[in-house]
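# Overview (structure and organization)
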Amino acid sequence: MELHQLFIDEIRSYNSDELSGLIEALSTSPMVSVRANKLKGVATPDGVNRVKWCTEGWYLPQRLPFTFDPSMHQGLYYVQDASSMIISHIIKSLTNGENSPLRYLDACAAPGGKTTAAIDSLPNGSLVVANEYVPTRAEALSENIIKWGYPSVISQGDTARFKKLKSFFDIIAADVPCSGEGMFRKDAEAVAQWTPSLVAECVARQREIVENLWSALRPGGYFIYSTCTFNRSENEEMVDYIKELGASTIEIEMPNSWNIVKGINTDNHCYRFMPHKVEGEGLFIAVLRKNEDGEMPSQRTSKNKKNTKEKISNIDQLKSRLINSSEFEATLVKDKVVMFPKIWSNELSVLLSQLNVIHFGVHVAMVKGKDYIPTQSLAMSQCLNKEEFVNYEVDCHTAISYLRREAIVIDDAPKGYVLLTYKNKPLGFVKNLGNRANNLYPQEWRILSTHIPSEIPVVLG
């Protein structure tokens, strides 16, 4: 890997002792880390090398073929760079034991790692909105958040759509598109694509994204800005620009033992994760608090609700059977039975009217005539009532066959809808016909590889 000389010259021009080993570190191998889904009762294993700033994260000795671990598809853990896990610590610091639900936006969210980490740290019952501009990445985002099991709102589109949501969110996170210098040792293409003009293009795009989002943040709310790059133009200088919109940086406690570098040539509270200092990839992050004298919160009800959802009385009984919570409202969206927390009903109506929402809440069933077909969204939900279904435990190879959407035979189970489990955790639904079972795993989520490794990876034990 040969780094661009202009990139090397710029890093060295900062004259910071903290950066003296960065160039050499970019030629080393990256660390591999994962994060447990505590919402599904998964704990960090004993005896592992833990991530210092995330209690749910730990390092693996090597990269594994995660695609063939059913536990990952069950949403029991997420493969994520350790540096990015800092979002969990930051949100815990900002909420500081606050129990009241908040309105949270991850504006550039795909593939979903930071969103799921935020979910784990936000007060229980918070409204989580995750947006992605690129359609294919938005689909991947939707899949990962559904697997995590928390009822969220997922949208696809330009951040300009958020301009109309005046003072709607308490916290906005923007891991903005950047020149990707922090990914150099993981991605050879990032090295090949880097040019000074790319940095300039990214700066312009980042300013546009911040401007689009700023009015959607309530006065006194927090803006979490991050990149995976090293240059000051996209980092410290962008923080200066955000401050001009009416904000101040917030100091987050970062123990010295974490070896996180403070901002370069700035008095602002900024934090850099450097691969020669920490066990993780390059990351820059800063938290800004919006001035209190900004826009007042807008009315969060919509007078012109789109006819997107319809309440149907005869699905209330279905709701009580499938979901082990009374906090949800059941609605019908075309042929889907969808459940969403009642407390956010008005906010949901606003979001549906202003954003291109591709998924929200828990899609518990598809309506087909008089039949209700349980969905993968229900199987993955932390609110699933497992006792409503026959549970059928499968071994690892059967689980992989299911995830490849192959035919499954379960001779000793009754006919009808059956919830497959793997290691006693939900895997997905089949409709057992006796001689065979219809595989209900989503076609677009199936494992495409025909190769199965001789040894199935085990992350959770």
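Residues numbered from 1 in each chain as written. Predicted model: local features only at pLDDT ≥ 70, side-chain atom pairs only at ≥ 80, totals over all residues. Heavy atoms only, no water.

## Concerning the sheet that holds strand 15 (residues 336-341)
In spatial order, the strands read 14-15-17-18; together these 4 strands make up an open sheet with antiparallel pairing. Taken across any chain shown, the strands that pair with only one partner, and hence form the sheet edges, are strand 14 (328-333) and strand 18 (371-374). Geometrically, the sheet is characterised by an average inter-axis angle of 30 degrees between neighbouring strands, direction not taken into account. Pairing of strand 14 with strand 15, which is carried by 6 bridges, proceeds in the antiparallel orientation. The partner of Leu332 across the bridge, within strand 15, is Val337. (Pairing = 2+ DSSP bridges. Helix = DSSP H or I, 4+ residues; strand = E, 2+ residues; numbered from the N terminus. Axes fitted to C-alpha atoms, helices over the stretch in contact; angles between N-to-C directions.)

## Brief notes about the sheet that holds strand 4 (residues 77-79)
Strand pairing in a sheet is mediated by backbone hydrogen bonds. Such pairs are either parallel or antiparallel. A sheet is described by the order of its strands in space; here 4 strands give the open sequence 2-3-1-4, paired in antiparallel fashion. At either margin of the open sheet sits one strand with a lone partner, and together these are strand 2 (49-50) and strand 4. Sheet topology places strand 1 (residues 32-36) next to strand 4; 3 bridges connect them, and they run antiparallel. Looking across to strand 4, one finds that Arg35 is bridged to Tyr78. Packed on one face of the sheet, helix 5 (residues 113-121) meets strand 1 and strand 4 and runs near 40 degrees to strand 1. (Contact = heavy atoms within 4.5 Å.)

## Notes on the state of the cysteines
For the structure shown, the criterion picks out 0 disulfides. Counting only cysteine sulfurs, Cys228 is the nearest neighbor of Cys178, a cysteine outside any disulfide, at a range of 3.3 Å. (Disulfide = S-S within 2.5 Å.)

## Let's talk about the packing of aromatic side chains
Taken as a whole and assessed by the stated rule, the structure comprises 14 aromatic pairs. On the basis of an interplanar angle of 40 degrees and a centroid distance of 6.5 Å, the ring pair of Phe7 and Phe230 is categorised as tilted. Of this pair, Phe7 sits in helix 1 (residues 5-13) while Phe230 sits in the loop between strand 9 (217-227) and helix 9 (236-244), and the two are 223 residues apart along the sequence. Its relative accessible area of 1% is what places Phe7 among the buried residues. (Phe/Tyr/Trp six-rings, centres within 6.5 Å; stacked < 30°, edge-to-face > 60°. Buried < 20%, exposed > 50% of the residue type's maximum accessible area, 1.4 Å probe, protein only.)

## Concerning the confidence of the model for the protein
This prediction gives the protein a mean pLDDT of 91; 94% of its residues lie at or above 70. A low-confidence stretch, residues 298-313 stays under pLDDT 50, and its non-local contacts, those more than four residues away or across chains, total 32 contacts. (pLDDT = per-residue confidence, 0-100.)

## A look at helix 9
What sets the pattern is the α-helix's 3.6 residues per turn: residues three or four places apart point alike. Within helix 9, burial applies to Glu236, Met238, Val239, Tyr241 and Ile242. Note on helix 9: the residue one or two positions beyond its end, Gly246, has a positive phi of about 115 degrees.

## Thoughts on the environment of Ser33
When you line up the elements, Ser33 lands in strand 1. Its relative accessible area of 4% is what places Ser33 among the buried residues. Placed 353 residues apart in sequence, Ser33 and Lys386 show a C-alpha to C-alpha distance of 30 Å. In contact with Ser33, other than residues within four places in its own chain, are Trp58, Tyr59, Tyr78, Val79, Gln80, Asp81, Ala82 and Met85. Separated by 2.5 Å, the side chain of Ser33 and the backbone oxygen of Gln80 make a polar contact. A distance of 3.0 Å separates the side chain of Ser33 from the backbone nitrogen of Ala82, its partner in a polar contact. (Polar contact = N/O pair within 3.5 Å; in protein donor to acceptor, adjacent residues only side chain to side chain.)

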